[in-house]
Structure formats: structure tokens, C-alpha cells
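Each chain, written out:
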Amino acid sequence: MPIDDLPDGLSQRDLHQHGRYQSNKGTALRMNRYSALIFDLDGTLIDSAPDIAAAVNVYMAERGWPELDVAYVEQFIGNGPRRLLLDIFIDKNLPADDATVDDAVQCYIENYRRNPAGKTRFFNHVEEDLHRLHKAGIRLGICTNKPHALTHDILRILKLDEIIDVAMGADAVPACKPDPGHLLAVVERMELEPGAWAYIGDTKVDKKTAEAANAPFFVVPWGGGGDVPVEPHQRLQRLTDLLGHRR
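Our subject in this report is the structure included herewith. Bear in mind the structure is a predicted one, so any value in this text is a computation, not a measurement.

Our focus in this paragraph is the packing of helix H2 (residues 49-62) against helix H4 (residues 81-91). Interhelical geometry of H2 versus H4 gives an angle of 60° and a closest axis separation of 12 Å. Taken together, the axes of H2 and H4 are oblique relative to one another. Crossing handedness for the pair H2 and H4: right-handed. Residues Ile52, Val56, Tyr59 and Met60 of H2 pack against Leu84, Leu85, Ile88 and Phe89 of H4. Here the residues of the contact of H2 with H4 are counted per class, giving 8 nonpolar, no polar and no charged.

Here's what the structure looks like:
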């Protein structure tokens, strides 16, 4: 800027110092941004309830039991296949002994893997926001109670495997969410430093997991997010809000 155009009282040296301050400030803000984000999958990134319900209903039909609505099945999602089926059977007063549940889980997984994402969709803006976070240099991970192999099948179909560093399903660890060891296993695999990452989900199970791992937690507004009690600053409108959060 020519010296004649400087605001009153501001020298060329002042301008140089101000510009350097603004540059350093921007660098500091980027440095204080989370360097990694770990997400739940079902209900957080994708609406997979229609495919989950379809897989459940194959078993229901084989047993001659009534078909279940997607909205009904959706309320039981989040604790893994066994809890999903057990909770449904108990709620419907159906046989819920170990042998029945074991058989149902095997059937469910086999049928789910035949068509794992036929009706699955991203929630609004999620796909583009994940790519924006990735392009901003933020590493991305997945911690989900979905079976591990099935998780990777779906990530490949949705082409998220191209931007997700690490994804670990329920059967990839000794104990799944809400056990914090599940989330911390993802952190260890990603080689993340304490305080450099946050967890994002849509259920009370996700919140409990993050709290047990002593990790920052944010909740999405879709899926079951509206029912999770958190502080206002922990509620996201979309995933790119995380670009403005500092650790």
C-alpha cells in the first residue's frame, strides 16, 4: 500500500506488523483446530435404517413373524446387531433365548452383506462436508458398532474408503461402544495425540463412549441427535461447523 494511502496514524512499519500479526493469527487458529475427527457411522454419517430393517425382516419372514417398519427398527439401532435383535424380540414378546438370537444374528449379517447399501443414503451435506474436512487436512476415522467387515463393505460402496484413515467395527475390538476401549483403539491405530481429536455421534451411547474416553464430543442434529443431552456448543448444524471449533 502506498504511504499516502495509509489510514491516519498508521505507519508503513505498523502495517507490516499488523499484516504479520494477522498471518500468525490465522496460522495459530489452524494449528489449534482438531487434527483428526472420529465419527460414528449409522445415524451420524448415513441413514442406513432401511437396509438394516430389510435384513432384519428377512429373518422375521423366515420365522413367520410380522414384518417391521423401518421407523420401528430405527429406534433400536446403535448397540450392534445382537442388541438390535434382542431388544426387538423382547419388545415384541418373541423368543429371545441365546440360540434364537445367535441364529438371528447370523441370518441378519448374511442378508445385510448381500445388499449392504441399496437404500442407504448420506444425510444432507454429509458427503460434501466430509470431503471438505479431508481437503482441509483433517484426518478422518470411524468408530461404529456395525460389524467390522460390513463397515468396510459400506465404506467402499459409498467411496468413503478413499478419505477415511481408520474404521473399526464392533467385532474388531474386545468390547464395543460404550466401552471407551473401542474408540481409543481407533485413536491408537491413527496414532493421534491426546487432545488433538474429537468424537462425533448421534446417540447417548456415542456420548457415553466419548465421556468415558475423556474426549470432546459433538452431536449431529439428524439421526437420534436431537435426543442427546449436550451443551449448546456441542450441537452441530453440519459437519463443517467443526472447522470453527478449537481444541
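The discussion continues.
Across the sheet, which stays open at both edges, the 5 strands sit in the order E5-E4-E1-E6-E7 with parallel pairing between neighbours. Strand pairing shows two members of the sheet lacking a second neighbour, strand E5 (164-168) and strand E7 (217-219), which therefore form its edges. This sheet shows a mean twist of 25° between the axes of neighbouring strands, independent of strand direction. Judged from the 4 bridges that link them, strand E1 (residues 36-39) and strand E4 (residues 139-143) form a sheet pairing that is parallel. Across the sheet, residue Ile38 finds its bridge partner in E4, namely Gly141.

Further remarks concern helix H7 (residues 148-157). Those residues of H7 not exposed but buried are Leu150, Thr151, Asp153, Ile154 and Leu155. Looking at the packing, one finds that the buried side of H7 touches strand E2 (46-47), helix H5 (98-114) and E5. Following H7 by one or two positions, Lys159 has its phi on the positive side, about 65°.

In terms of nonpolar packing, the biggest core is built from 54 residues, with Leu37, Phe39, Phe89 and Leu239 touching the most fellow members. In terms of residue count, H2 provides more of this core than any other element does, 7 residues in total. Discounting chain neighbours no more than four positions away, the residues touching Leu239 are Phe39, Leu45, Val126, Asp129, Leu130, Leu133, Val220 and Trp222. Within the second largest apolar cluster, 21 residues are counted, among which are Met168, Val186, Met190 and Leu192.

Parameters at a glance
- Residues numbered from 1 in each chain as written.
- Predicted model: local features only at pLDDT ≥ 70, side-chain atom pairs only at ≥ 80, totals over all residues.
- Heavy atoms only, no water.
- Axes fitted to C-alpha atoms, helices over the stretch in contact; angles between N-to-C directions.
- Helix = DSSP H or I, 4+ residues; strand = E, 2+ residues; numbered from the N terminus.
- Parallel < 35°, antiparallel > 145°, perpendicular 65-115°, else oblique.
- Left-handed = near helix turned anticlockwise from the far one by under 90°.
- Contact = heavy atoms within 4.5 Å.
- Nonpolar A, V, L, I, M, F, W, Y, C, P; charged D, E, K, R; others polar.
- Pairing = 2+ DSSP bridges.
- Buried < 20%, exposed > 50% of the residue type's maximum accessible area, 1.4 Å probe, protein only.
- Core = buried A, V, L, I, M, F, W, Y, C linked by side-chain atoms within 4.5 Å.

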